[in-house]
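# Chain and residue survey
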Amino acid sequence: VLASLPLQVMLYFNVYYFPVWCLAEGMMLQLKYHLLPWHYQFLLVTAFIILSLAEGSRLYLGYLGNLQEK
């Protein structure tokens, strides 16, 4: 079984676009944070952290799994 080239290309580009997404999302979060009620603030920050951690771990595991053919 060989590593999947299309998956590796998609992971490669996603690694470079992920920090751009984090920066843009973080800037939007900062701009609208003070306009929201406290419960939306909590939900927004929690969702941002969970999505960032999940995407980072997905990219890391995708690289490891694809390159080690797992």
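Residues numbered from 1 in each chain as written. Predicted model: local features only at pLDDT ≥ 70, side-chain atom pairs only at ≥ 80, totals over all residues. Heavy atoms only, no water.

The next point concerns the overall build of the protein. The helix and strand tally for the protein stands at two helices and zero strands. Expressed as lengths along the three principal axes of its C-alpha atoms, the size of the protein is roughly 50 × 20 × 10 Å. In the protein, once contacts between residues fewer than 6 apart in sequence are set aside, the share between residues at least 24 apart is 73%. When the accessible surface of the protein is summed, it comes to about 5700 Å², and 76% of that surface belongs to carbon and sulfur atoms. (Helix = DSSP H or I, 4+ residues; strand = E, 2+ residues; numbered from the N terminus. Contact = heavy atoms within 4.5 Å. Areas by Shrake-Rupley, 256 points an atom, 1.4 Å probe, with all protein chains shown as cover.)

Before going further, it helps to examine the side chain of Gln-8. One can find Gln-8 in helix α1 (residues 5-32). Discounting residues that sit within four places of it in the chain, Gln-8 has contacts with Tyr-63, Asn-66 and Leu-67.

Right, let's talk about the UniProt feature "transmembrane region" (unreviewed entry) in the protein for a bit. The sites that carry the UniProt feature "transmembrane region" (unreviewed entry) are, in the present numbering, residues 6-24 and 36-54. End-to-end, the C-alpha atoms of residues 6-24 are 27 Å apart, and along that stretch the chain is 100% helix and 0% strand. Each end of residues 36-54 is marked by a C-alpha atom, and these two atoms are 25 Å apart; helix forms 89% of the span and strand 0%. (UniProt positions renumbered as here; feature names shortened; annotations may be inferred.)

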